[in-house]
Amino acid sequence: MADKKVFIGTGRRKSSVAQVRMVSGTGKITVNGKDVREFFPYETNVMDLKQPLVATNTENTFDIEVKVLGGGFNGQTGATRLGITRALLEYDKANEESENSFRKILKRAGFITRDSRTKERKKPGLKAARKAPQFSKR
């Protein structure tokens, strides 16, 4: 196991942070010590975080170990997906200039860009970020 190269990627989404370790293997994904299907309650979450692997046709090429903190399931899924994308880019660094490089495939699919949308802060005098109390004329 000492001779296997480890590729690392960090992903963030909303208030979630995911650290991804990618090693050549059989396609096993573990999140916080559990199997991916056991950790994420919905199949759509699992499909979402596997998208970079499907796009680059490397689903059964790597074993992926993820440590994820903060946020909910959707934020953690998005953070994990970005982490996997960054680990794939590190793996494919030497092949970056070719026509079928991972970078071009993942960029076209829109996985490289971090989704910067976060929850808007609550303002004083309002019930939420924009929701105001009902107006009463009298």
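Residues numbered from 1 in each chain as written. Predicted model: local features only at pLDDT ≥ 70, side-chain atom pairs only at ≥ 80, totals over all residues. Heavy atoms only, no water.

Participant: Explain the layout of surface pockets to me, and be specific about the residues and the numbers.
Facilitator: Empty space within the second largest pocket amounts to approximately 200 Å³. Secondary-structure elements contributing two or more residues to the lining of the second largest pocket are β1 (6-13), α2 (43-55) and α3 (73-91). Broken down by element, the lining of the second largest pocket gets its largest block of residues, four residues, from α3. Counted by class, the lining of the second largest pocket contains two nonpolar, six polar and six charged residues. (1 Å grid on protein atoms, 1.4 Å probe; cavity = no way out; pocket = protein on both sides within 12 Å on 5 of 7 lines; lining within 4 Å. Points joined across faces, edges and corners; volume = space filled by probe spheres on them. Helix = DSSP H or I, 4+ residues; strand = E, 2+ residues; numbered from the N terminus. Nonpolar A, V, L, I, M, F, W, Y, C, P; charged D, E, K, R; others polar.)

Participant: Mind laying out the sheet that holds strand β3 (residues 29-31), listing which residues take part and the relevant values?
Facilitator: The pairing of strands in a sheet happens through backbone hydrogen bonds and is either parallel or antiparallel. The strand order across the open sheet formed by five strands is β1-β2-β5-β3-β4, and the pairing between neighbours is mixed. In the strand order of this sheet, the two ends are held by β1 and β4 (34-35), each with one partner. Relative to strand β5 (residues 62-69), β3 runs parallel, the two being bridged by three bridges. Within the sheet, the bridge partner assigned to I29 lies in β5 and is I64. Lying over the sheet, α3 contacts β1, β2 (16-24) and β5, oriented at roughly 145° with respect to β1. (Pairing = 2+ DSSP bridges. Contact = heavy atoms within 4.5 Å. Axes fitted to C-alpha atoms, helices over the stretch in contact; angles between N-to-C directions.)

Shape is all these values report; function is a separate question.
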